[in-house]
Amino acid sequence: MASIVVYGGSFNPIHNGHLGICRWAKDRFGADQVLLIPAAYPPHKEAPDLASGEDRAAMCRLAAEDLPWLSVEEFELRRGGKSYTVDTISYLRQQYPGDQLLLMIGTDMFLTFRQWRRWQEIGKMARLLVASRHQDDLEQLKAQQRSLEADGVQSILMENPVEELSSTQVRQQLRETRECDRIPPAVLAYIRAHELYRGPYDLEQLRELVRPLLSDYRFHHTLCVEQQAVHLAQLYGEDPNLAAAGGILHDACKNMDKDVLLQMVLESGIINEIQFRQQPQLLHSYAGAVYIQKQWGITDQRLVGAVRYHTTARKGMTLLEKIVYLADLTSADRHYPDVEQMRQRAERSLEDGVYGALQFIVADLAGRGELICRDTIEAYNEYCLKKRNGGFQ
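First things first, this report covers the structure right here in the doc. (Residues numbered from 1 in each chain as written. Predicted model: local features only at pLDDT ≥ 70, side-chain atom pairs only at ≥ 80, totals over all residues. Heavy atoms only, no water.)

## Digging into the pattern of salt bridges
Phase 1: Using the criterion set out here, one finds 21 salt bridges in the structure.
Phase 2: The closest approach of N and O atoms between arginine 61 and glutamate 74, which form a salt bridge, is 2.6 Å. One end of the pair, arginine 61, is in helix H2 (residues 53–64); the other, glutamate 74, is in the loop between strand E3 (70–72) and helix H3 (75–79), with 13 residues separating them in the sequence.
Phase 3: By relative accessible area, glutamate 74 is classed as partly exposed at 26%.
Phase 4: Shared partners join several salt bridges into a network, and the residues in it are Glu204, Arg207 and Glu226. (Salt bridge = Lys/Arg side-chain N within 4 Å of Asp/Glu carboxyl O. Helix = DSSP H or I, 4+ residues; strand = E, 2+ residues; numbered from the N terminus. Buried < 20%, exposed > 50% of the residue type's maximum accessible area, 1.4 Å probe, protein only.)

Dropping the structure here:
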């Protein structure tokens with residue numbers, strides 16, 4: 001008789017915490033096989049950013065490919081609809097009639113087990129294998145174990161090492177940085193290739209956040225930059241929703257008191273050789289990058305960078321940073337000399353548009369005898385070298 005651990009969940013995405021508990025179950029209890037069962041739609045939780053079943057199953061298969069004892073069962077995905085454990089265990093009992101089924105669940109699910117659909121039937125078909133999710137939940141689990149045993153439901157407390165890692169945390173990190181060392185490399189590569197977990201921003205909510213901070217004139221400019229950023233994103237292959245968010249946020253601190261902004265920047269540790277007292281026009285962008293993180297919890301480094309460098313530019317700008325930088329200079333409300341020529345350059349080539357913007361800014365600052373910060377100089381030099389070495393596509 002084989003011992004089979006049944007491990008169901010959203011796996012949205014599968015991460016090292018999932019794999020660690022699978023290894024613990026196999027080694028500690030001598031399981032012959034562990035089955036990963038991605039849910040079609042989890043009935044116990046909201047899933048606004050749930051990847052498709054096809055993608056989640058593919059990621060599970062990638063995570064299991066070097067582990068011969070770990071496999072993926074797609075019964076719930078084939079069936080579709082909400083995933084109820086009693087149906088899955090009934091199916092597996094038919095597939096493995098002579099084997100022991102160990103249904104692995106976490107603390108929260110174990111403590112609410114009597115709320116599950118036809119929980120008594122589940123208890124007759126499988127033994128519960130309970131994984132701790134928190135450091136101090138053992139006594140609570142033991143009390144629930146005794147209570148369920150009185151109703152004929154048998155369970156084993158794994159007393160496993162607790163790694164407080166959630167898929168929510170993983171998805172947040174992926175949205176912000178597209179990096180995560182807590183998932184297998186093959187899974188990370190799949191997520192990047194299939195553009196998973198980027199998640200749209202609520203643009204109306206962002207507009208409501210910035211509106212009270214801005215004058216009517218500045219808010220109108222913000223909406224114009226948002227519109228231009230979306231247009232450039234569509235031309236040059238950036239996510240239009242992300243570009244819109246960058247446009248909305250770029251001037252969030254523009255109308256704040258300069259002394260407040262200076263204090264914000266100095267407390268953050270951002271120095272970067274900028275003489276902010278002599279270059280107060282730069283304060284709102286650097287302070288804005290701090291403000292959106294601390295006040296609004298917007299820690300997506302793509303947006304943080306777009307806000308921080310929309311005035312100065314920098315060497316090695318990301319695509320989004322280039323788009324917001326150029327959108328700020330070519331938005332519909334701009335009326336400086338040669339703005340139409342600047343817009344035409346932006347239409348023809350993003351790189352040439354950025355180069356033209358840097359030429360304009362450097363010439364304007366130099367002509368007025370203003371200081372030019374290191375970020376702007378390095379960006380300008382980078383684009384001059386690009387121009388000399390073959391130009392822009």
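## Observations regarding unusual backbone geometry
Phase 1: A cis amide bond, omega 0 degrees, links asparagine 12 with the succeeding residue proline 13.
Phase 2: Mapped onto the fold, proline 13 is located in the loop between strand E1 (3–9) and helix H1 (16–29).
Phase 3: Despite not being glycine, arginine 178 has its phi angle at roughly 60 degrees, a positive value.

## Examining H2
Since the α-helix packs 3.6 residues into each turn, any two residues three or four apart lie on the same face.
Phase 1: Between its first and last C-alpha, H2 extends 16 Å over 12 residues, near the 16 Å set by a 1.5 Å rise per residue.
Phase 2: Taking burial as the measure, the 12 residues of H2 include 9 buried ones, the bulk of the element.
Phase 3: When we look at burial in H2, the residues that qualify are Gly53, Asp55, Arg56, Ala57, Ala58, Met59, Cys60, Ala63 and Ala64.
Phase 4: Where H2 is buried, its residues contact E1, H1, strand E2 (33–38), E3, H3 and helix H9 (185–193). (Expected span 1.5 Å × (residues − 1). Contact = heavy atoms within 4.5 Å.)

## Considerations on the layout of surface pockets
Phase 1: Within this model, the second largest pocket holds a volume of roughly 570 Å³.
Phase 2: Every residue lining the second largest pocket is counted, 24 residues in all, and those nearest its centre are Gln281, Thr311, Leu329, Arg334 and Ile361.
Phase 3: For the lining of the second largest pocket, the secondary-structure elements that each account for two or more residues are helix H11 (216–236), helix H16 (319–330) and helix H18 (350–367).
Phase 4: For the lining of the second largest pocket, the element with the most residues is H18, which contributes 4 residues.
Phase 5: Taken together, the residues of the lining of the second largest pocket sort by class into 9 nonpolar, 7 polar and 8 charged. (1 Å grid on protein atoms, 1.4 Å probe; cavity = no way out; pocket = protein on both sides within 12 Å on 5 of 7 lines; lining within 4 Å. Points joined across faces, edges and corners; volume = space filled by probe spheres on them. Nonpolar A, V, L, I, M, F, W, Y, C, P; charged D, E, K, R; others polar.)

## Section: the pairing of E1
Phase 1: Where burial is concerned, most of E1 is hidden: 5 out of the 7 residues are buried.
Phase 2: Relative to strand E4 (residues 100–106), E1 is paired through 5 bridges, and the arrangement is parallel. The partner of isoleucine 4 across the bridge, within E4, is leucine 101.
Phase 3: Pairing analysis gives 6 bridges linking E1 to E2, with the strands arranged parallel. Looking across to E2, one finds that isoleucine 4 is bridged to glutamine 33.
Phase 4: Considered for its hand, the β-α-β crossover made up of E1, H1 and E2 is right-handed. (Pairing = 2+ DSSP bridges. Right-handed = clockwise from strand over helix to strand, strands pointing away.)

## Here we look at the nonpolar core
Phase 1: Counting residues in each nonpolar core, the largest one holds 47 residues, and the members touching the most others are Leu249 and Tyr325.
Phase 2: Excluding residues that lie within four positions of it along the chain, leucine 249 makes contacts with Leu206, Val210, Ile292, Trp296, Ile298, Leu303 and Val307. (Core = buried A, V, L, I, M, F, W, Y, C linked by side-chain atoms within 4.5 Å.)

## Focus on the environment of arginine 343
Phase 1: By secondary structure assignment, the location of arginine 343 is in helix H17 (residues 339–348).
Phase 2: On the accessibility criterion, arginine 343 (17% relative accessible area) is buried.
Phase 3: It is 67 Å that separates the C-alpha atoms of arginine 343 and glycine 30, two residues lying 313 residues apart in sequence.
Phase 4: In this structure, arginine 343 is in contact with Thr330, Ser331, Ala332, Asp333 and Arg334, ignoring residues within four places of it in sequence.
Phase 5: Within polar-contact distance, the side chain of arginine 343 engages the backbone oxygen of threonine 330 at 3.0 Å. (Polar contact = N/O pair within 3.5 Å; in protein donor to acceptor, adjacent residues only side chain to side chain.)

## Describing the packing of aromatic side chains
Phase 1: Within the structure shown, the criterion is met by 7 aromatic pairs.
Phase 2: Aromatic side chains tyrosine 291 and tryptophan 296 sit 5.2 Å apart centroid to centroid with 85 degrees between the ring planes, which places their arrangement in the edge-to-face category.
Phase 3: Given a relative accessible area of 14%, tyrosine 291 falls into the buried group.
Phase 4: Here the guanidinium or amino end of arginine 117 rests over the ring plane of tyrosine 84, the centre of that ring lying 3.9 Å away.
Phase 5: The positively charged end of lysine 386 is found above the aromatic ring belonging to tyrosine 383, 4.3 Å away from the centroid. (Phe/Tyr/Trp six-rings, centres within 6.5 Å; stacked < 30°, edge-to-face > 60°. Lys NZ or Arg CZ within 6 Å of the ring centre and 35° of its normal.)

## Some details on the packing of helix H14 (residues 283–294) against helix H15 (residues 301–308)
Phase 1: H15 packs onto H14 with a crossing angle of 155 degrees between their chain directions and a minimal axis gap of 7 Å. One finds that H14 runs roughly antiparallel with respect to H15. Of the residues in H15, those in contact with Ser285, Tyr286, Gly288, Ala289, Ile292 and Gln293 of H14 are Gln301, Leu303, Val304, Val307 and Arg308. (Axes fitted to C-alpha atoms, helices over the stretch in contact; angles between N-to-C directions. Parallel < 35°, antiparallel > 145°, perpendicular 65-115°, else oblique.)

## Observations regarding the environment of glutamate 149
Phase 1: Locating glutamate 149 in the fold gives a position in helix H7 (residues 138–149).
Phase 2: Spatially, the C-alpha atom of glutamate 149 lies 9.6 Å from that of glycine 123, the residues being 26 residues apart in sequence.

## Digging into H18
Phase 1: An ideal rise of 1.5 Å per residue puts 26 Å on 18 residues; H18 measures up with 25 Å between its terminal C-alpha atoms.
Phase 2: Regarding H18, the residues found buried are Leu350, Glu351, Asp352, Gly353, Val354, Tyr355, Gly356, Ala357, Leu358, Ile361, Val362 and Leu365.
Phase 3: In this structure, the buried side of H18 is in contact with H11, H16, H17 and helix H19 (374–388).
Phase 4: Between a side-chain oxygen at the N-terminus of H18 and the backbone nitrogen of glutamate 351 the separation is 3.4 Å; the capping residue is serine 349.
Phase 5: Phi turns positive, to about 70 degrees, at glycine 369, one or two residues after H18.

Don't take any of this as a statement about function, it's just geometry.
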